[in-house]
Amino acid sequence: MPELPEVETVCLALSKILINSRVTNIEIFRKDLRWNIKDNLEIDLKQKFLKKPYRRGKYILIPTSNEHILLFHLGMSGTIKIISKKYYLSKHDHVKIDIETKENKFFSIIYNDPRRFGYIDFFSVSKIKNHFLLKKLGVEPLDSDFTINYLQKKIYNKSKCVKNFLMDQSIIAGIGNIYASEILYRANIHPLRTVDKLKKEHLKSIIDSTKFILKKSINVGGTSIRNHLQPDGKLGYFSQKLQVYGKNKHICNKCTNVITLINISSRSTFFCSNCQR
Ligand SMILES: [Zn+2]
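Residues numbered from 1 in each chain as written. Predicted model: local features only at pLDDT ≥ 70, side-chain atom pairs only at ≥ 80, totals over all residues.

### Observations concerning the overall build of the protein chain
Piece 1. Scanning the protein chain from terminus to terminus reveals six helices and 10 strands.
Piece 2. Here the C-alpha radius of gyration of the protein chain, 20 Å, is about what a compact globule of 277 residues would show, namely 19 Å.
Piece 3. Oriented by its inertia axes, the alpha-carbon framework of the protein chain measures out at about 55 × 35 × 30 Å.
Piece 4. Put simply, the protein chain has 277 residues, and 36% of those count as buried. (Helix = DSSP H or I, 4+ residues; strand = E, 2+ residues; numbered from the N terminus. Rg over C-alpha atoms; globule rule 2.2 N^0.38 Å. Buried ≥ 20, exposed ≤ 12 C-beta atoms within 10 Å, placed from the backbone.)

Rendered as structure tokens:
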């Protein structure tokens, strides 16, 4: 599932062409994604101008000239392709949005999603605070309000394990299964540790590791495990930099111990039982 760095990678690629572009045409081949795409999308988005896209958690938000937001969620297997030449549809292409840039160049934005757990929404800017997918999202881990103080409030009296805590979107937005393992490995914290036992120094280490890992992954285009490709079709190269995820029985990079695989809430979790306490 695309996590924060993969979504950020897509968002950065869209930013290069979408700003002040005009939507010339929209074609929807399948409406039944995780939820049905609204009927007004084709009519209300056509001929509108797009503004700078931004990311919130795992969502891409594109403001439009009619004070609306076009939202993409990639779900489990969604990808966005940016095409500049004639395009022949492939299997699982569900939506095609044609745009003309301010330099009069033409692109198609294709949303492809084999499992259809993703979603595309279109709603008035005034509804953003109460949007069902956005209203409960926690702090952005790359923002300055992701602090020790914030985490101290969230862990108070909670017996949840730290890995599930990191993946809870209402606490921190954007971290999923791959990066949770990587962050805890870098922070030397055992994934099953309960959060109310974490001391200030652990919280600092979690914050530093989170920012380090996410930024490093964004810099190389995210992690291409399963479906993620950058919108130009290139792989994301963070998969080659993963330290523990998918490394069951490999030797730890920090000691001579072997990496262990366990299931936490039926998600694969990788860690070093010697380095992570
Ligand atoms: Zn180790």
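Read on for the rest.
### Some thoughts on the nonpolar core
Piece 1. With 59 residues, the main nonpolar core has Ile-60, Ile-183 and Leu-184 as its most contacted residues.
Piece 2. If you tally residues by element for this core, the top one is helix α1 (residues 4-18), at seven residues.
Piece 3. A domain split of this core shows at least three residues from each of domain 1 (4-130) and domain 2 (148-271).
Piece 4. Residues within four places of Leu-184 in sequence aside, it is in contact with Val-162, Lys-163, Ile-189, Pro-191, Phe-271 and Gln-276. (Core = buried A, V, L, I, M, F, W, Y, C linked by C-beta atoms within 7 Å. Domains from an automatic or database assignment. Contact = placed C-beta atoms within 7 Å.)

### Thoughts on the domain arrangement of the protein chain
Accessible area lost upon the coming together of the parts serves often as the stated size of an interface.
Piece 1. When cut into domains, the protein chain gives domain 1 (4-130) and domain 2 (148-271).
Piece 2. If you average the C-alpha positions of domain 1 and of domain 2, the two centres end up 29 Å apart.
Piece 3. Listed by partner, the interface residues are 16 residues for domain 1 and 20 residues for domain 2.
Piece 4. Counting only elements with at least two residues in the side of domain 1 that touches domain 2, the list comes to α1 and β5 (79-83).
Piece 5. Broken down by element, the side of domain 1 that touches domain 2 gets its largest block of residues, eight residues, from α1.

### Observations regarding the packing of helix α5 (residues 177-186) against helix α6 (residues 200-219)
Piece 1. Two numbers describe how α5 lies on α6: the axes approach to 8 Å, and their chain directions differ by 125 degrees. With respect to each other, α5 and α6 are oriented oblique. Between α5 and α6 lies a crossing of right-handed hand. In this structure, α5 contributes Tyr-179, Glu-182, Ile-183 and Arg-186 to the contact, and α6 contributes Ile-206, Ser-209, Thr-210, Phe-212, Ile-213 and Leu-214. (Axes fitted to C-alpha atoms, helices over the stretch in contact; angles between N-to-C directions. Parallel < 35°, antiparallel > 145°, perpendicular 65-115°, else oblique. Left-handed = near helix turned anticlockwise from the far one by under 90°.)

### Structural notes on the sheet that holds strand β3 (residues 59-63)
Piece 1. Ordered by their spatial adjacency, four strands build an open sheet running β2-β3-β4-β8, and the pairing between neighbours is antiparallel. Among the strands making up the open sheet, the edge pair consists of β2 (54-56) and β8 (119-124). In this sheet, adjacent strand axes meet at a mean angle of 25 degrees when their direction is disregarded.
Piece 2. Where β3 lies against strand β4 (residues 68-73), five bridges are found, and the strand directions are antiparallel. Looking across to β4, one finds that Ile-60 is bridged to Phe-72.
Piece 3. The sheet contacts of α1 involve β2 and β3, and relative to β3 the element is tilted by about 20 degrees. (Pairing = 2+ DSSP bridges.)

### Digging into the environment of Val-10
Piece 1. Topologically, Val-10 is positioned in helix α1.
Piece 2. Owing to 27 C-beta atoms within 10 Å, Val-10 belongs among the buried residues under this scheme.
Piece 3. C-alpha of Val-10 to C-alpha of Arg-55: the two residues are 45 residues apart in sequence and 9.4 Å apart in space.
Piece 4. Residues contacting Val-10, with those up to four places away along its chain left out, are Ile-60, Ile-80 and Pro-231.

### Some details on the environment of Lys-249
Piece 1. For Lys-249, the location among the structural elements is in the loop between α6 and β9 (260-264).
Piece 2. Taking C-alpha positions, Lys-249 is 24 Å from Leu-166, a pair spaced 83 residues apart along the chain.
Piece 3. Among residues more than four places away in sequence, those in contact with Lys-249 are Val-258 and Ile-259.

### Remarks on the sheet that holds β5
Adjacent strands of a sheet pair through backbone hydrogen bonds, lying either parallel or antiparallel.
Piece 1. Strand order in the open sheet made by the four strands is β1-β6-β7-β5, with antiparallel pairing throughout. The open sheet has two edge strands, β1 (22-28) and β5, and neither has a second partner. Averaged over all adjacent pairs, the angle separating strand axes in this sheet is 20 degrees, with direction ignored.
Piece 2. Pairing of β5 with strand β7 (residues 106-112), which is carried by five bridges, proceeds in the antiparallel orientation. Its bridge partner being in β7, Thr-79 is matched across the sheet by Asn-112.

### A short note on unusual backbone geometry
Piece 1. In this structure, Gln-47 takes a positive phi of about 70 degrees despite not being glycine.
Piece 2. One non-glycine residue, Lys-249, adopts positive backbone phi at about 70 degrees.
Piece 3. Here Lys-249 falls in the exposed class, since 8 other C-beta atoms lie within 10 Å of it.

### Observations concerning the packing of helix α3 (residues 148-155) against α6
Angle between the axes and distance between the axes are the two parameters that describe a pair of packed helices.
Piece 1. At a closest axis distance of 10 Å, the pairing of α3 and α6 adopts a crossing angle of 115 degrees. The handedness of the crossing between α3 and α6 comes out as right-handed. Contacts from Ile-148, Leu-151 and Gln-152 of α3 reach α6 at Lys-200, Leu-203, Lys-204 and Ile-207.
Piece 2. Here the residues of the contact of α3 with α6 sort into four nonpolar, one polar and two charged. (Nonpolar A, V, L, I, M, F, W, Y, C, P; charged D, E, K, R; others polar.)

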